[in-house]
Amino acid sequence: MSQGIQESMNNVSHSVQDAVQVAAPTDVFEREDEYLLVADFPGVSADSLHVEVREHDLALEGRAGPASNSGPSGSSVVYARRFRIPATVDRGQIKAELSSGVLRVHMGKAETARPRRIPVGRAPVVARSIGGE
Amino acid sequence: MLNHWSDSGIWGARVVPNDLLREMSHLFREFEEGEVADGSARALQVATRDAGDTFVVNACVPGMADADVEITLQGDSLVVRGKRNVDVPEGYRALRRERTELEFVRSFSLPAHVEVDSVKAGISNGVLTIELPKAAEEQPKRISVQAA
């Protein structure tokens, strides 16, 4: 389970004609209740960033604006990435936010997948009477 | 096509700015490489262009704020410094780390005089843009052609 989120080797469905394609560098973190994926998408606005769950995969793709970091001959840059989502993720609890060219995807774990703390009760009264006298 | 996804993880390994820089070297001569121990200076992607009346420098600085970047202009030398930390968020443990810390110093020799007081810089969507208007005497002039 240490590799909670595996990179999917499936290619992005559509190839990009006039752009240089780059794998967005990505960090993945885990907490008891969620996974957090952090990826660099410089020059990409929220409008041109697509975050999709396709079957078992999380697909990320964003095109950088032409003025920001275009390649030679005017081609733009498309950042893309695709990850296999663990079965423990609750599909209804995936949230994405983009700030300063950094995408953060929060993926909540299903209740059943979270560690459960079992409360430890105090010793019954009988125990005290034994220890006391 | 599968090897698209087996990149080393150095971001922008396939992006063109280095070629672009070479291509534009007659415009902007970069005279100092970043002084970074781990080589991550290469991770900073920079593009420069001559937009007629203005020189424009763009650099990818995702996750960085205005305060993380320092720009100085002395004579025809432009120096850009910056730093970003990529810490593990509190309460989480890391499963995958590809985003590198960035610490860079990049210097550019401007090919023409610029109007120092009119230089503008800002960060939008993780891209730093520096606009350096050329000095009046350097600006392209349109010569009207008179009918004979």
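It should be noted that the structure appears before, not after, this text.
The structure displayed is predicted, hence computed values, not measured ones.

(A) Just the nonpolar core, in detail. A:Leu37, A:Phe41, A:Leu58, A:Leu60, A:Tyr79, A:Val105 and A:Met107 are the most contacted members of the largest nonpolar core, which has 24 residues in total. Those elements giving two or more residues to this core turn out to be strand 2 (19–23), strand 4 (34–40), strand 6 (57–63), strand 7 (76–84) and strand 9 (102–109) of chain A. When neighbours within four sequence positions are excluded, A:Leu37 is seen to be in contact with A:Thr26, A:Asp27, A:Val28, A:Leu58, A:Leu60, A:Phe83, A:Leu103, A:Arg104, A:Val105 and A:Met107. Counting 19 residues, the second-largest nonpolar core is a separate cluster that includes B:Val46, B:Met64, B:Val80 and B:Phe108.

(B) Molecular detail of the pattern of salt bridges. Residues and elements named next belong to chain A. For the structure shown, the criterion picks out 16 salt bridges over all chains. Close ionic contact of Asp57 with Arg82 constitutes a salt bridge, the shortest N to O distance being 2.9 Å. Of this pair, Asp57 sits in strand 6 while Arg82 sits in strand 7, placing them 25 residues apart in sequence. There is no split in this pair, since Asp57 and Arg82 are both buried. Here Asp57 ties to Arg84 by a salt bridge, and the two come within 2.7 Å at their closest N and O atoms.

(C) Expanded view of the pairing of strand 7 (residues 102–109) of chain B. Residues and elements named next belong to chain B. Taken across its eight residues, strand 7 has seven buried, putting it largely inside the fold. Pairing geometry for strand 5 (residues 77–84) and strand 7, over eight bridges, is antiparallel. Bridge pairing in strand 7 places Ser77 opposite Ser109.

(D) The arrangement of unusual backbone geometry in detail. At A:Ser100, a position not held by glycine, the phi torsion is positive, near 55 degrees. The topology assignment puts A:Ser100 in the loop between strand 8 (89–99) and strand 9. Exposure remark for A:Ser100: the relative accessible area of 35% places this residue in the partly exposed category. The phi torsion at B:Asn125 lies on the positive side, around 50 degrees, for a residue other than glycine. Locating B:Asn125 in the fold gives a position in the loop between strand 8 (120–124) and strand 9 (127–133).

Parameters at a glance
- Residues numbered from 1 in each chain as written.
- Chains lettered and ligands numbered in written order.
- Predicted model: local features only at pLDDT ≥ 70, side-chain atom pairs only at ≥ 80, totals over all residues.
- Heavy atoms only, no water.
- Core = buried A, V, L, I, M, F, W, Y, C linked by side-chain atoms within 4.5 Å.
- Buried < 20%, exposed > 50% of the residue type's maximum accessible area, 1.4 Å probe, protein only.
- Helix = DSSP H or I, 4+ residues; strand = E, 2+ residues; numbered from the N terminus.
- Contact = heavy atoms within 4.5 Å.
- Salt bridge = Lys/Arg side-chain N within 4 Å of Asp/Glu carboxyl O.
- Pairing = 2+ DSSP bridges.

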